[in-house]
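# Residue-level structure breakdown
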Amino acid sequence: MFVLVEMTDTVRIPPWQFERKLNESIAEELNKKLANKVVYNVGLCICLYDITKLEDSYIFPGDGASHTKVHFRYVVFHPFLDEILVGEIKSCSQDGVHVSIGFFDDIVIPPESLQQPAKFDEAEQVWVWEYETEEGAHDLYMDIGEEIRFRVVDETFVDTSPTGPSSAEASTSNATEEVQKKEAPYTLVGSISEPVLTGTGEETAKDWS
Amino acid sequence: GAGWGGIVRLLLVRAAGPRCVCVWGLFIGPALCVEKRLCGPELSALLPCWHRCGVQGDGVCHVLRPSVLRKDANAALLSNFEVFQLLTDLKQQRKESGKSKQSSGQQNLNTIMYETLKYISKTPCRYQSPETVREFLIAMKGHKLTKAEKLQLLNHRPVTAVEIQLMVEESEERLTEEQIESLLQTVASILPGDPEEQQRDSAMETEGRGSQ
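Residues numbered from 1 in each chain as written. Chains lettered and ligands numbered in written order. Predicted model: local features only at pLDDT ≥ 70, side-chain atom pairs only at ≥ 80, totals over all residues. Heavy atoms only, no water.

### Examining the overall build of chain A
Spelled out, the test is: Runs of E in the DSSP output that reach at least two residues are strands. Runs of H or I that reach at least four are helices, and both are numbered from the N terminus. Residue burial is assigned from relative accessible area. The probe radius is 1.4 Å, only protein chains are included, and a residue is buried under 20% of its type maximum, exposed over 50%, and partly exposed in between. Per-residue and other accessible areas were derived by the Shrake-Rupley procedure at a 1.4 Å probe size, with only the shown protein chains allowed to occlude residues.
For chain A, the helix and strand inventory stands at three helices and 12 strands. Burial status across chain A gives 44% buried among its 209 residues. Taken as a whole, chain A presents about 10,400 Å² of accessible surface, with 50% of it coming from carbon and sulfur.

Structure below.
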């Protein structure tokens, strides 16, 4: 689920923090910059693991702060393909089941990856798995708050950096309703269309107690 | 004043050399272009780049993509237990250092630490220790599993054969039934599970034996 990523960055320490130890200031700055943020094509950054190398600090003309190039390793949430994860069902919609793991919410299980046959109950806004046994058909409701075990099948990174002035002009000429849609920078697509991958089975619920 | 003259001279001198540009195409000068095309502080005060970079008024480019250079995106896989240890230690450290450094900038770190700890604490890794993890990996050497598969076994502590089949690719071809059984035995014996559950299971076992 978590990986260690080696990164490099230049950290700026303002003069009023010069009395603190450099390592501490740098760790704090890096955490302030990266924690709980998604880095494009890397993943969701959790916290600093360690600093591997500190280069010389420079002070540039016109700015009293010191700039230090730092090589460090950061703990990043980036599940690998086909990894099994356990999450909680946050909501259901026509697009599928939305799952959350507490610190990361943009996981969706599309309708085609649900245990077949499944149908969307409009009245209760939940997906239902029509489970057939010898006795007859049972309906397993994917209720909100239920634990669900799923496999990661795809991930998408969207670049949400601010755009330059040329595209800003283009967007104002369009309908004003098309304001920037808040796109999640990192989304995971899951699948539960395999045996055992349900949170509603008694067996799986017991395992996680 | 003198400061501005100095900066202008800087620009003129460097203009002759190789052109290094900020990600938005603005000249920043080779002295600042340390391969990362970072928008330099002395220039950000002069050029529109300051605005485009979403700068927070301190003259430094804050957009993540251009400035943070990723050297190795997959240096190592971390188990849930390692992250759990790291975050618990960090929480302890921050508590000990007192509330003096709790600035608004730390809110993101607090949020992510709290949520991640909350999630990881519900997984089997909360009963693990460095010794059990080491023992587990040594025991796993004989089973010929990939790193990712061993990691999943460590993080999830499967107790049924079906779970093993989920985590191990092509398990029907690679593992016989006895091997799956022995794998389950290894996992159950080395990796500690919920102590209440284990007490219940051992109580049931002794009952069973007693009745025989």
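Additional details are given in the paragraphs that follow.
### Brief notes about the overall build of chain B
Here is the rule we go by: Only heavy atoms enter the contact rule, under which two residues are in contact if any of them lie within 4.5 Å.
Counting its regular elements, chain B contains 12 helices and one strand. Across chain B, helices and strands are ordered from the amino to the carboxyl terminus as α-α-α-α-β-α-α-α-α-α-α-α-α. A total of 212 residues make up chain B; the buried ones form 39% of that total. Partitioning the intrachain contacts of chain B with sequence separation of at least 6 by distance along the chain shows that 50% fall at a separation of at least 24. Summed over all atoms, the accessible surface of chain B reaches about 12,200 Å², with 53% contributed by carbon and sulfur.

### Some words on the state of the cysteines
All names here are of chain A. To keep it simple, the criterion reads: The disulfide criterion is simple: two cysteine sulfur atoms within 2.5 Å.
Here the structure, examined in full by the defined rule, presents zero disulfides over all chains. A disulfide-free cysteine, Cys47 has its sulfur positioned 10.0 Å from the sulfur of Cys45, the nearest such atom. Residue class for Cys47 comes out buried when judged on its relative accessible area of 1%.

### Some thoughts on the pairing of strand S8 (residues 118-121) of chain A
Sheet faces and side chains relate simply in a regular strand, where the side chains alternate between the two faces. All names here are of chain A. To be explicit about the condition: Strand pairing is assigned whenever DSSP detects at least two bridges linking the two strands.
Here S8 pairs with strand S9 (residues 126-132) via four bridges, running antiparallel. Bridge pairing links Asp121 to Val126 in S9. A loop of four residues connects S8 with S9, the two strands running antiparallel in sequence, and Gln125 in this loop sits at a positive phi of about 55 degrees.

### A look at the side chain of Glu163 of chain B
What counts, and what does not: Pairing of N or O atoms within 3.5 Å defines a polar contact, subject to two protein rules: one partner must be a possible hydrogen donor and the other a possible acceptor, and residues neighboring in sequence count only if both atoms are side-chain atoms.
Within the element layout of this structure, Glu163 of chain B appears in helix H9 (residues 161-167). Within the local environment of Glu163 of chain B, its side chain forms a polar contact with the backbone nitrogen of Val159 of chain B, the two atoms lying 3.3 Å apart.

### What about the sheet that holds strand S5 (residues 84-93) of chain A?
Residues and elements named next belong to chain A. To keep it simple, the criterion reads: Lines fitted to C-alpha atoms define the axes here, with helix axes fitted over just the stretch in contact, and angles between the N-to-C directions of these axes take values from 0 to 180 degrees.
In space, the five strands of this closed barrel follow the order S5-S6-S7-S12-S11, with mixed pairing throughout. This sheet shows a mean twist of 50 degrees between the axes of neighbouring strands, independent of strand direction. Both strand S7 (residues 107-109) and strand S12 (residues 186-191) contribute to a ladder of two bridges, which runs parallel. Among the inter-strand pairings, Ile107 is bridged to a residue of S12, identified as Leu188.

### A word on the nonpolar core
What counts, and what does not: Residue types Ala, Val, Leu, Ile, Met, Phe, Trp, Tyr and Cys, when buried and joined through side-chain atoms within 4.5 Å, form a set referred to as a nonpolar core.
Core analysis: the largest hydrophobic core is formed by 80 residues, its most contacted members being Phe2, Ile46, Tyr74, Phe77, Val97, Phe103 and Phe104 of chain A. Considering each element in turn, this core owes the most residues, seven residues, to strand S1 (residues 2-13) of chain A. Apart from the residues within four sequence positions on either side, Phe103 of chain A is in contact with Met1, Phe2, Leu44, Ile46 and Phe77 of chain A together with Ile112, Glu115, Thr116 and Tyr119 of chain B.

### Here we look at the UniProt feature "domain: RNA polymerase Rpb7-like N-terminal" (unreviewed entry) in chain A
Applied cut-off: UniProt positions are given in the numbering used here, feature names are shortened, and annotations may be inferred rather than shown by experiment.
When the UniProt feature table is mapped onto this chain numbering, "domain: RNA polymerase Rpb7-like N-terminal" (unreviewed entry) sits at residues 8-64 of chain A. Taken as a whole, residues 8-64 of chain A contains 23% helix and 44% strand, while its terminal C-alpha atoms sit 22 Å from one another.

### With respect to the confidence of the model for chain A
Residues and elements named next belong to chain A. Quick reminder of the rule: pLDDT is a residue-level measure of predictor confidence that goes from 0 to 100.
Mean pLDDT over chain A stands at 81; residues scoring 70 or higher make up 83%. Under a pLDDT of 50 for its full length, residues 173-180 has, in the predicted model, zero contacts with residues more than four places off or in other chains. Under a pLDDT of 50 for its full length, residues 199-209 has, in the predicted model, 28 contacts with residues more than four places off or in other chains.

### Details of the packing of aromatic side chains
Residue and element names in this part refer to chain A. The criterion, for reference: Aromatic rings from Phe, Tyr and Trp, with only the six-membered ring used for Trp, were paired whenever their centres fell within 6.5 Å, and each pair was classed as stacked if the ring planes differed by under 30 degrees, edge-to-face if by over 60, and tilted otherwise.
For the structure shown, the criterion picks out 10 aromatic pairs over all chains. Between Phe2 and Phe103, the aromatic rings sit 5.9 Å apart at their centres with planes inclined by 25 degrees, giving stacked as the arrangement. Here Phe2 is found in strand S1, whereas its partner Phe103 is found in the loop between strand S6 (96-100) and S7, with 101 residues between them in sequence. Each member of the pair, Phe2 together with Phe103, is buried.

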